[in-house]
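Structural description and commentary
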Amino acid sequence: MPHVTLETLPDYARFLIAAAEGAAVQFPVRRAVRLPGLELIAHLDPGALADALGQAFIEAEGDPRDSRQCRVFIGHPGIGDMPEPASWGDAHFTEHGFARKLAEAGLRGHHYHDLDFWQVYDPARRIGVQLMRSPDAFPPWEQGSPLRAFLHWEYAARGMRLAHAGTLGLDGRGVLLAGAGGAGKSGTVVAGLLNGLDSVGDDYVLIDLSGGVTARPLFSILKQDPPGFARLGLERRLGTGRPLNWQGKHAFHIHEIAPRPVGESLDICALLVPHVSGGKISSIAPISRKDAIIALAPSGIAQMPGERESGFRFFSDLTRLLPCYRISLGSRPGEIAGTIADFLVRSAR
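Notes on the structure in this doc start here.

About the thresholds
- Residues numbered from 1 in each chain as written.
- Predicted model: local features only at pLDDT ≥ 70, side-chain atom pairs only at ≥ 80, totals over all residues.
- Heavy atoms only, no water.
- Helix = DSSP H or I, 4+ residues; strand = E, 2+ residues; numbered from the N terminus.
- Rg over C-alpha atoms; globule rule 2.2 N^0.38 Å.
- Contact = heavy atoms within 4.5 Å.
- Expected span 1.5 Å × (residues − 1).
- Buried < 20%, exposed > 50% of the residue type's maximum accessible area, 1.4 Å probe, protein only.
- Pairing = 2+ DSSP bridges.
- Axes fitted to C-alpha atoms, helices over the stretch in contact; angles between N-to-C directions.
- Parallel < 35°, antiparallel > 145°, perpendicular 65-115°, else oblique.
- Nonpolar A, V, L, I, M, F, W, Y, C, P; charged D, E, K, R; others polar.
- Disulfide = S-S within 2.5 Å.
- Phe/Tyr/Trp six-rings, centres within 6.5 Å; stacked < 30°, edge-to-face > 60°.
- Salt bridge = Lys/Arg side-chain N within 4 Å of Asp/Glu carboxyl O.
- Left-handed = near helix turned anticlockwise from the far one by under 90°.

Attention shifts here to the overall build of the protein. Within the protein, the secondary structure is distributed over 10 helices and 18 strands. Computed over the C-alpha atoms, the radius of gyration of the protein is 21 Å, within 12% of the 20 Å expected from 2.2 N^0.38 for a compact globule of 349 residues. Counting only C-alpha atoms and orienting by the principal axes, one finds that the protein spans roughly 60 × 45 × 45 Å. In the protein, 73% of the contacts between residues at least 6 apart in sequence involve partners at least 24 apart.

This is the structure we're talking about:
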């Protein structure tokens, strides 16, 4: 099996793109997904990832001719002349050094060592390759947010950003919810949806700062651990027979619980950092920009390969544009949703 070093990395990335283009007609499945300002074309085998591409997105309305198009080949040995994935050959590996070397060549990429799983992207040509050992040799998170890295690189090239955050809104205005795992972000999004609020997604949403702060939908998946699933009454609504995902959580789609179809966007008026307080009543109080950045930026940068410096600048700009608050969460989902709804109404005056 070949080995890739930092010095040979750009050449290997170009080789993978050329190999995929050369085998293009031998990819048996083509999936087209319409997203905000983008038509994503994926070429791949039938199977779990092809199914995920048909289910995991909130597709955008509008004429696809108004969108840019990007292509991603999801390949493995056995499709045309697609090669075996290479292993990393240098003694040391850092994401930052890896990303910087590719950026110097005008490329983007990611390598997951445990599976020799490669993702490379040419943003100038809007073409990428995901190379795997076999059709099912992908990290477990890929099914919930497939091709997330490619979307991140494509939108970053336009000055936008995928944020690891949730959203809730009312009448087109909304809040961004950010926090580390266990802070209550996803439970708050679900509580809001079950009690009449809107959302353009949880976990990963597209943020645009070009005219204020706008959040747009990408992925449709919501997740809850079994205690949260029961506490929010989702067993009655969705049933109990769903298998747990790789995180030990129930996964379901936003349209299964949303009170209305998901809108094209939310105009974000504030950043809220959830905190499970243990009290009965929710409350909202201002926090510093520093605390808001700590809640928002680290996971949003760590989970999006490359673009580290631009990511910190982006999230710093975002927290300058938005007032930032901590929401101490009460114990009742309806009361939490009502507190956020009242906040949105007051902030609109």
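Let's shift gears to helix α10 (residues 333–347). Compared with the 21 Å implied by 1.5 Å per residue over 15 residues, the 21 Å span of α10 between its first and last C-alpha is a close match. Restricting attention to buried positions, one finds in α10 the residues E335, I336, A337, T339, I340, A341, F343 and L344. Considering only its buried residues, α10 is in contact with β10 (166–170), β11 (173–177), α5 (185–194), β16 (266–276), β17 (283–286) and β18 (324–329).

Moving on, we come to the sheet that holds strand β4 (residues 68–75). Taken in spatial order, the 6 strands line up as β2-β3-β4-β8-β7-β6 in an open sheet, and their pairing is mixed. The sheet terminates laterally at β2 (29–35) and β6 (108–112), the two strands that pair on one side only. Geometrically, the sheet is characterised by an average inter-axis angle of 15° between neighbouring strands, direction not taken into account. Set on the sheet, helix α2 (residues 48–55) makes contact with β2, β3 (38–44), β4 and β8 (127–131); between it and β3 the angle comes to about 160°.

On to unusual backbone geometry, then. In this model, L147 sits at a positive phi of 60°, which is unusual for a non-glycine residue. Summarising the element assignment, L147 is placed in the loop between β8 and α4 (148–156). Under the relative-accessibility criterion, L147 is labelled buried at 1%. One non-glycine residue, D203, adopts positive backbone phi at about 80°. Mapped onto the elements, D203 comes out in the loop between α5 and β12 (204–208). Judged by its relative accessible area of 12%, D203 falls in the buried class.

At a closest axis distance of 8 Å, the pairing of α5 and α10 adopts a crossing angle of 85°. Judged by the angle between their axes, α5 and α10 are roughly perpendicular. Residues T188, A191 and G192 of α5 lie in contact with α10, whose contacting residues are P333, I336, A337 and I340. Its residues assigned to classes, the contact of α5 with α10 comprises 5 nonpolar, 2 polar and no charged.

Turning our eyes to something else, we now look at the state of the cysteines. A complete count under the given rule lists 0 disulfides for this structure. Not engaged in a disulfide, the cysteine C324 finds its nearest cysteine sulfur in C269; these two sulfurs lie 11 Å apart. According to the relative accessible area criterion, C324 is buried, its value standing at 7%.

Okay, the packing of aromatic side chains next. The full count for this structure, using the stated rule, is 17 aromatic pairs. Between F98 and W118 the ring centres are 6.2 Å apart and the planes differ by 35°, which places this aromatic pair in the tilted class. Residue F98 is found in helix α3 (residues 95–104), and its partner W118 is found in strand β7 (residues 117–122); the two are separated by 20 residues along the sequence. Residue W118 is classed as buried on the basis of its relative accessible area, which comes to 0%. Seen in terms of ring centroids, Y204 and F219 are 6.4 Å apart; in terms of plane orientation they differ by 80°. Their pairing is edge-to-face. Taken as a pair, Y204 in strand β12 and F219 in the loop between β13 (214–216) and β14 (221–224) lie far apart in primary sequence, 15 residues in all. Joined through ring pairs, the aromatic side chains of Y12, F15, W88, F93, F98 and W118 make up one cluster.

With that out of the way, let us pick up the pattern of salt bridges. The final tally for this structure, using the stated rule, is 13 salt bridges. Salt-bridge contacts for D11 lead to R14; the nearest nitrogen and oxygen are separated by 3.1 Å. With D11 and R14 both in helix α1 (residues 9–22) and 3 residues apart, the pair spans about one turn of that helix. In this structure R14 comes out as partly exposed when scored by relative accessible area, which is 42%.

Taken N-terminus to C-terminus, the directions of α1 and α3 make an angle of 65°; their axes are 9 Å apart at the nearest point. Our classification of the angle between α1 and α3 gives roughly perpendicular. In this structure, the crossing between α1 and α3 has a hand that is right-handed. Counting all contacts with α1, which are made through L9, P10 and A13, the residues of α3 involved are F98, K101 and L102. Split by residue class, the contact of α1 with α3 holds 5 nonpolar, no polar and 1 charged.

In short, the description is geometric, and any link to function would need to be established separately.
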